[in-house]
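Examining the three-dimensional arrangement
Now for the letters of each chain:
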Amino acid sequence: MSADLALATDRLRSAAAALAWSTPASRDALDRQRDDRLRRLVAHAATRVPFYRDRYARHGADASQVRGVTDLERLPIVGKADLQSCDERDLLADGADPARLVERRTTGSTGQRLCIRRTWLEERTLGAYRWRALASFGARRRDRFAEVEEPLDAGSGDATGLHAWLQRAGLYRQQRLDALDEPEAILAALVAGQPDVLSGYAGVVARVAREALAQGETRVRPRLVALHSDTLTTQMRAAVTEAFATRVFALYDCNECNVVAWECPETGVFHTSDDTVIVEVLRPDGSAAAPGESGEVVLTSLHSFAMPFVRYRIGDVLVQGDPHCTCGSAFATIRAVQGRMFDYFPLADGRTIHPYELVNILGERAPWVAEYRLVQERRDLVRLSYCARESPTEAQLDHLGTGLRDFLGPAVALEVEAVDAFDSEGRAKTRVCRSRVASDYDGTDDASEGSR
Ligand SMILES: [Zn+2]
């Protein structure tokens, strides 16, 4: 069998496994599968993807030496800034046509934006593995789902027609709610939709839960709630559990790999999605963190070939877990997810805004921003710090400032400052959007508890 055919066969096999929500039979089987898939991925990246081809050549890294997961450390780690600074075409495999790929723009959860591209099959495969995690929480195929997140970009290239068809056929019942809507509106939509499974950004759903508690609204009774994207604190979990009288689970995900880990319903630690992603938790010197120790996350996505992520530093901090979960699952564990903290900004004019409102304006008006931080200093003052890819002109700065000021309104001042670089180590980087007025994350030691 040719290498191309073997690769295509493997991709179809993994898509089928994902759709069946199958889990590995044993750790040995899982390890063999990971080694095999990693070999194919690294060989592909090193020969077919200009970014990795150049980088490995420059670092003297020999991809053929990577026979399995234990050889991964032979390859250099890449950061978001490395990917941002090169031509987007160089991140794609030779022959991949960007016009035919699904696009996902990161919301800038680490303060750095990146456009991620996948084939339709890759997108569906990762999506199916996400459902597998929900199924482990107790979700069933016929459930009504409500998803509270940012709406997909128009023209993202994804086949929304398929979703519509599945919805009409009653095979897929999903209510999509805009995370940037007011909590009252989201709550009203949930009352109307009566979801069996509620999923969404942790910070947003927690705010909707507090709204439900304030209103005495008890008609939203999902069988389970799955929260993702932002770090889930003990207080947020308590509010959601009380408001919706149900079990709450955490899921750790990113745009690059979709689900990375999900909470074990029995033990409260997180299972890592070992058949879709290799999760490394590293100390500052690059060695592996021991169980209980926190470290920076480096991910290798085993199902992304159009735009590979191999030893990719995502910008999050995790607490390393044990290699086996006491529940008997074949998956390894992490103990906690630290540092995806987005504060709402309570403004002087009485509005409370999600910082993504500002992040979106930043994304639309300032593609020259490489990295940013937003800090609400007072109810009437927001500060934007940015690190530029290339120095903006006065007109560009003005265009950005006008957009942000129009949104913030006359009661809130905006200060904009350029910085050379942000602290790239440790937790400081994780507070990308921070309010000094009110924060769910104050006094939580910057960490979520995996266990309940
Ligand atoms: Zn477990």
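Everything below is about the structure printed above this text.
The following paragraphs examine the structure supplied in this document. Worth saying up front: this structure is predicted, and the values here are computed from it rather than measured. Sequence order as written defines the numbering, with residues in each chain counted from 1. With the structure being a predicted model, the display of local features is reserved for residues of pLDDT at least 70 and the display and counting of side-chain atom pairs for 80 or more, all residues being used for whole-chain, interface and lining totals. Side-chain measures were taken over the full set of non-hydrogen atoms in the model, leaving aside hydrogen atoms and water.

Details of the side chain of R55
Here a helix means four or more residues in a row that DSSP labels H or I, a strand means two or more in a row labelled E, and each is numbered from the N terminus. Take R55: it is sitting in helix α3 (residues 50–59). Only protein chains enter the accessibility calculation, which uses a 1.4 Å probe; a residue whose area is less than 20% of its type maximum is buried, one above 50% is exposed, and one in between is partly exposed. R55 sits in the buried class, given a relative accessible area of 12%. In what follows, a contact means two residues having at least one pair of non-hydrogen atoms within 4.5 Å. Residue contacts for R55: discarding those within four places in its chain leaves I77, V78 and D82.

Re unusual backbone geometry
Trans is the common state for peptide bonds, and a negative phi is the common state for residues other than glycine. Positive phi, close to 45°, is recorded for Q194, a residue that is not glycine. Counting through the fold element by element, Q194 comes out in the loop between α7 (183–193) and β6 (197–201). Although it is not a glycine, S229 adopts a positive phi angle of roughly 70°. Mapped onto the elements of the fold, S229 is located in the loop between β7 (224–228) and α9 (234–244). Residue classification places S229 among the buried residues on the basis of a relative accessible area of 16%.

Let's talk about the coordination of the zinc ion
At 2.1 to 2.3 Å from the zinc ion lie its protein donor atoms, namely C264 (SG), H271 (NE2), C325 (SG) and C327 (SG). Think of the donor list as every N, O and S atom within 2.8 Å of the metal, or within 3.2 Å for Na, K and Ca; water never makes the list, so a site can look incomplete. By the criteria applied here, four donors are tetrahedral when all angles lie between 85 and 135 degrees, four are square planar and six octahedral when opposite donors are over 155 degrees apart and every other angle lies between 65 and 115, and any other arrangement is irregular. The site at the zinc ion holds 4 donor atoms, and with the angles between them running 102 to 118°, its shape is tetrahedral. Read in sequence order, the donor residues coordinating the zinc ion give the pattern C-x6-H-x53-C-x1-C. Classification of C327 as partly exposed rests on a relative accessible area of 24%.

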